[in-house]
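Architecture and fold: a report
Each chain, letter by letter, is given below.
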Amino acid sequence: LVIPADVRFKEFDIDANASVLDVQSIEAEKLELEVNASDVNIAEINVGDLDVNNNAGAVDIDGNVERELDVEVNAGDVEVRLTGIYQDFNYSVQTSAGSIQIGDQEYSGLKKEKHIKNAAAKKEADLECNMGSITVDFFNEV
């Protein structure tokens, strides 16, 4: 499937069930990703909101989130590399038996919940990991 370069979707939903999915680029106001026993790799996103629900599998995403990042992992791993820096977001972090890594900060253990406020933040991240891992890293555009 090839989509013209100048197209930005209002909403783009992906349901991956027992599959492997490689995506070059997606631009959307909202990207929703539902993963069930799948491997998903998205090389570049430019989205307003990113919503990832991983029930079992591996998700790897690079790109830009303009407003809100929402990741829930019931089992499996999600790795997101975003443009910008750690302080661009306020965070709500919750773990059960999983772990969450944001930059060089790690949160793990049973039933831990933490809210992190950054004074200059204009974006929100809601990260919940029941079993598995969530990793959020940052890079600056060159």
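Quick note: structure is the one above.
All figures in this text were calculated on a predicted structure; none of them were measured in a lab.

The grouping of Glu-68, Glu-113, Glu-124 and Asp-126 at the surface amounts to a negative patch. Position of Asp-126 among the secondary structure elements: in strand β8 (residues 123–129).

Attention now goes to the side chain of Ser-133. With respect to the helices and strands, Ser-133 occurs in strand β9 (residues 133–139). Since its relative accessible area comes to 18%, Ser-133 is described here as buried. There is a polar contact of 2.6 Å between the side chain of Ser-133 and the side chain of Asp-77. Ignoring sequence-local partners within four residues, the contact set of Ser-133 consists of Val-73, Gly-76, Asp-77, Val-78 and Ser-99.

Ranked by internal contacts, the top residues of the largest apolar core, which has 37 residues, are Ile-42 and Leu-127. Those elements that provide at least two residues to this core are β1 (9–17), β2 (20–73), β3 (77–83), β4 (89–95), β5 (99–102), β8 and β9. Among the elements that line this core, the one with the most residues is β2, at 18 residues. Beyond its immediate chain neighbours, meaning those up to four positions away, Ile-42 contacts Ile-14, Val-23, Ile-26, Leu-31, Leu-33, Asp-60, Ile-61 and Asp-62.

So, how was this worked out
Residues numbered from 1 in each chain as written. Predicted model: local features only at pLDDT ≥ 70, side-chain atom pairs only at ≥ 80, totals over all residues. Heavy atoms only, no water. Patch = residues over 30% accessible without salt bridge, like charges linked within 9 Å, V, L, I, M, F, W, Y side chains within 5 Å. Areas by Shrake-Rupley, 256 points an atom, 1.4 Å probe, with all protein chains shown as cover. Salt bridge = Lys/Arg side-chain N within 4 Å of Asp/Glu carboxyl O. Lys, Arg positive; Asp, Glu negative; His and termini not counted. Charge placed at Lys NZ, Arg CZ, Asp CG, Glu CD. Helix = DSSP H or I, 4+ residues; strand = E, 2+ residues; numbered from the N terminus. Buried < 20%, exposed > 50% of the residue type's maximum accessible area, 1.4 Å probe, protein only. Polar contact = N/O pair within 3.5 Å; in protein donor to acceptor, adjacent residues only side chain to side chain. Contact = heavy atoms within 4.5 Å. Core = buried A, V, L, I, M, F, W, Y, C linked by side-chain atoms within 4.5 Å.

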